[in-house]
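# An overview of the molecular structure
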Amino acid sequence: MEIWNGHFECMDRLDLKKVQSERLMETVERSYFNVPYYRNKMQAAGLGPESIGSIDDLHRLPFTDKQDLRDNYPFGLFAVPMSEIVRIHASSGTTGKPTVVGYTRHDIATWSEVMARTLKCAGAGRNDFIQVAYGYGLFTGGLGLHYGGEKIGASVIPVSGGNTSRQIQLMRDFGSTVLACTPSYALFLAEALQENNVDPSDIKLRVGVFGAEPWTEMMRREIETKLRIKAIDIYGLSEVIGPGVASECMAQEGLHINEDHFFPEIIDPDTLQVLPEGSMGELVFTTLTKEGLPLIRYRTRDLTRLTSERCSCGRTMIRMEKCLGRSDDMLIVRGVNLFPSQVENVLLEMSEIKPHYLLVVDRVNNLDTLEVQVEVDEAFFLDKISQLEALRMKIQENLETALALGVKVTLVEPKKLERSETKSKRVIDKRKF
Amino acid sequence: MVIPQLSVFIENRSGRLTEVLEVLGREDIKITALTVADTSEFGILRLIVSDSEKARDVLKDQSFTVNITNVISVIAPNEARHYARLLRILSDRDISIEYTYAFARGSKAVIILRCNNNDEAIKALKENEMELLNASELFKI
């Protein structure tokens with residue numbers, strides 16, 4: 001199987017370490033001199049650019065997390081003047097403010113490069129038709145796949161998310177060979193094909209690159225059987241670059257991290273200590289080449305483990321296991337990031353109700369559903385069905401606006417939802433990962 | 001002339017109505033009238049009981065959402081035209097009915113109403129010589 005960039009992807013790990021060390025020192029220097037946030041944080045820790053002599057010194061640097069991005073909203077962590085920024089993406093945040101990321105022209109080239117590797121990992125090439133059914137827009141999924149697809153010379157079909165009947169029509173008429181979307185949408189499409197009695201021989205799909213939400217091995221087998229394709233797991237987050245951070249190869253034995261660009265560490269989320277290779281812990285990334293938004297020790301909150309054992313595909317890049325858990329309370333519903341606190345904020349703004357709620361996430365017909373149960377407050381309960389229905393609709397509309405996600409609101413009896421000052425149960429996730 | 005009616009918010013799941021009635025039963029509260037308005041997910045149980053304040057307190061203790069609302073009660077011969085006449089009186093005065101329910105006892109029927117303006121409704125019904133019941137009269141029926 002062809003490898004896009006054999007020089008780096010199959011580099012001897014000792015040589016790779018040299019590259020990583022050089023790039024880290026450059027990144028730290030640029031961050032220190034161009035981003036007051038990093039400079040202040042390093043100074044507070046008694047560190048300067050000279051403190052970092054190789055990748056082995058990385059553990060000395062302070063962590064960065066989503067809160068830091070929020071505190072510096074929108075562009076405070078950018079390391080270049082805005083005149084150098086050619087693209088801005090954003091993802092949902094906990095308080096209504098999105099997490100904003102900026103790319104220089106060079107960053108876009110890096111992104112295209114790592115996405116080209118990803119697609120090559122999945123066995124795609126210039127003769128493929130890549131149907132990109134990830135959303136295009138502020139979300140990085142669509143455009144990430146798009147640029148990678150063009151880079152490898154494939155024919156990219158930028159259909160974007162949703163509109164299942166059009167997806168099916170183009171898949172059949174154009175003969176799409178590669179499908180890129182969330183795994184749950186892939187399953188949904190598979191069933192739509194069946195329901196529409198599409199003759200499987202009319203579908204030329206060979207492989208799918210699926211990510212942006214957690215999915216199980218069971219789900220993979222289901223997708224592979226129903227669509228008769230190979231299903232490849234890809235991983236990324238917009239803060240680091242978007243999709244393209246890591247990808248499975250055809251061996252499907254872990255995701256190769258493009259560690260010449262994004263250096264991974266695994267830490268204990270409680271003690272924040274770096275854990276030895278093979279330990280399960282929280283994944284932390286340091287970008288090694290990014291110009292627009294360099295990130296130093298960014299806590300992803302995703303839980304996984306790493307192995308640098310050589311892969312049968314020949315790549316030497318370290319591999320991470322499929323991410324199946326998180327060290328915070330973020331949920332991913334239909335590919336959209338969701339924090340329970342976002343729901344709470346909406347409810348707090350409504351005087352008619354108390355912010356006692358429970359989120360119930362489920363997967364029905366392969367699509368995620370989100371139910372928000374809200375307690376009926378005595379002060380507002382005035383014995384009329386129409387009034388309660390109006391309240392229910394109002395909560396639903398406010399939530400949908402704030403979350404950019406379809407929600408079903410259910411009114412429930414008070415004090416049914418568990419209360420506790422320390423650890424209240426706010427979420428029931430019935431999906432099986 | 002208004003009568004206190006208990007309204008209880010209940011989720012539409014099996015056993016919930018039973019629980020309300022068991023709470024009231026333990027406290028020896030008597031029920032004169034009962035009706036449920038429901039949607040697919042929740043309902044409002046409306047009750048006229050012997051001691052509405054006590055009933056409210058004991059239900060609240062069991063974490064139910066309860067309110068007391070005032071309704072009107074009319075007694076009339078058990079024939080549709082009397083119910084129709086009553087409704088006509090109200091609609092002629094532009095008084096709207098939020099909900100109504102009724103039960104019969106021998107040749108008489110008791111009609112319970114909640115209007116958007118109970119005072120106006122009482123006035124209109126009295127002027128038209130409809131027979132209204134107060135709380136103690138209703139319990140003797």
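Keep in mind that what you see is a predicted model, and the values were worked out from it rather than measured.

## Description of the packing of aromatic side chains
In this structure the tally under the stated criterion is nine aromatic pairs over all chains. For the ring pair F75(A) and F78(A), a centre distance of 5.3 Å and an interplane angle of 40° mean the geometry is tilted. Overall, the relative accessible area of 34% leaves F75(A) in the partly exposed class. Look at Y235(A) and F285(A): their rings are 6.4 Å apart centre to centre, the planes differ by 35°, and that puts the pair in the tilted class. Of this pair, Y235(A) sits in strand 7 (residues 230–237) while F285(A) sits in strand 11 (residues 281–287), and the two are 50 residues apart along the sequence. No difference in accessibility class separates Y235(A) from F285(A), as the two residues are buried. Stacked on the ring of Y147(A), the Lys or Arg R87(A) has its end atom at 4.9 Å from the ring centre. Looking at R46(B), its charged tip hangs above the ring of Y99(B), at a distance of 3.5 Å from the centre.

## Quick word on the environment of R334(A)
Residues and elements named next belong to chain A. On the secondary structure map, R334 appears in the loop between strand 16 (331–333) and strand 17 (336–338). Separated by 122 residues in the primary sequence, R334 and A212 have C-alpha atoms spaced 8.8 Å apart. Other than its neighbours up to four places away in sequence, R334 contacts E213, D368, T369, L370, L405 and G406. At a separation of 2.8 Å, a polar atom in the side chain of R334 contacts the main-chain carbonyl oxygen of D368. In terms of polar contacts, R334 uses its side chain to reach the backbone carbonyl oxygen of G406, at 3.4 Å.

## Considerations on the interface of chain B and chain A
Each partner contributes residues to the interface: chain B has 25 residues there, and chain A has 20 residues. Between the two partners, chain B and chain A, sit six salt bridges. Taken together, the elements giving at least two residues each to the side of chain B that touches chain A come down to strand 1 (3–11), strand 2 (31–38), strand 3 (42–49), strand 4 (65–77) and strand 5 (97–105) of chain B. In terms of residues, the side of chain B that touches chain A owes the most to one element, strand 1 of chain B, which gives six residues.

## Observations regarding helix 5 (residues 105–121) of chain A
Residue and element names in this part refer to chain A. End to end, helix 5 covers 24 Å across 17 residues, agreeing with the expected 24 Å (1.5 Å per residue, within 8%). The element helix 5 is extensively covered by neighbouring structure, given that 14 of its 17 residues are classed as buried. Remark: G123 follows helix 5 within two positions and exhibits a positive phi of approximately 80°.

## Brief notes about the sheet that holds strand 6 (residues 207–210) of chain A
Residue and element names in this part refer to chain A. Strand order in the open sheet formed by nine strands is 4-3-5-6-7-8-9-14-13, and the pairing between neighbours is mixed. Either end of the sheet is taken by a strand with one partner, and the two such strands are strand 4 (155–157) and strand 13 (306–307). Strand direction decides the pairing type here: strand 9 (residues 255–257) and strand 14 (residues 319–320), joined by two bridges, are antiparallel. The partner of H256 across the bridge, within strand 14, is R319.

## Side note on unusual backbone geometry
A cis geometry characterises the amide bond from Y73(A) onward to P74(A), with omega recorded as -5°. Position of P74(A) relative to the elements: it lies in the loop between helix 4 (66–71) and strand 1 (85–91). Although it is not a glycine, N163(A) adopts a positive phi angle of roughly 55°. One can find N163(A) in the loop between strand 4 and helix 7 (164–175). Positioned with a positive phi, E129(B) is a non-glycine residue whose angle comes to about 60°. When you line up the elements, E129(B) lands in the loop between helix 4 (118–127) and strand 7 (131–132). Its relative accessible area of 72% is what places E129(B) among the exposed residues.

## Here we look at the domain arrangement of chain A
All names here are of chain A. Assigned domains within chain A: domain 1 (6–328) and domain 2 (332–429). Taken over C-alpha atoms, the centre of domain 1 sits 31 Å from the centre of domain 2. Counting residues at the interface gives 16 residues for domain 1 and 14 residues for domain 2. Each partner contributes to the roughly 1300 Å² buried at the junction of domain 1 and domain 2, and carbon and sulfur atoms together form 52% of this total. For the interface between domain 1 and domain 2, the tally reads one salt bridge. Between E213 and R363 there is a salt bridge, and its shortest N-O distance comes to 3.9 Å. Our count for the contact surface shared by domain 1 and domain 2 stands at one residue pair in polar contact (both at pLDDT 80 or more). Secondary structure elements with two or more residues in the side of domain 1 that touches domain 2: helix 8 (183–195) and helix 9 (217–227). By residue number, the principal contributor to the side of domain 1 that touches domain 2 is helix 8, which donates four residues. A per-class count over the side of domain 1 that touches domain 2 returns five nonpolar, six polar and five charged.

## Some details on a nonpolar patch on the surface
Residue and element names in this part refer to chain B. On the surface, L17, L21, I31, L34 and V36 cluster together to form a nonpolar patch covering roughly 340 Å² of accessible area. Among the secondary structure elements, those contributing two or more residues to the nonpolar patch are helix 1 (16–26) and strand 2. As for its placement among the helices and strands, V36 is situated in strand 2.

Calculation rules
Residues numbered from 1 in each chain as written. Chains lettered and ligands numbered in written order. Predicted model: local features only at pLDDT ≥ 70, side-chain atom pairs only at ≥ 80, totals over all residues. Heavy atoms only, no water. Phe/Tyr/Trp six-rings, centres within 6.5 Å; stacked < 30°, edge-to-face > 60°. Buried < 20%, exposed > 50% of the residue type's maximum accessible area, 1.4 Å probe, protein only. Helix = DSSP H or I, 4+ residues; strand = E, 2+ residues; numbered from the N terminus. Lys NZ or Arg CZ within 6 Å of the ring centre and 35° of its normal. Contact = heavy atoms within 4.5 Å. Polar contact = N/O pair within 3.5 Å; in protein donor to acceptor, adjacent residues only side chain to side chain. Salt bridge = Lys/Arg side-chain N within 4 Å of Asp/Glu carboxyl O. Expected span 1.5 Å × (residues − 1). Pairing = 2+ DSSP bridges. Domains from an automatic or database assignment. Buried area = accessible area lost by both parts, 1.4 Å probe. Nonpolar A, V, L, I, M, F, W, Y, C, P; charged D, E, K, R; others polar. Patch = residues over 30% accessible without salt bridge, like charges linked within 9 Å, V, L, I, M, F, W, Y side chains within 5 Å. Areas by Shrake-Rupley, 256 points an atom, 1.4 Å probe, with all protein chains shown as cover.

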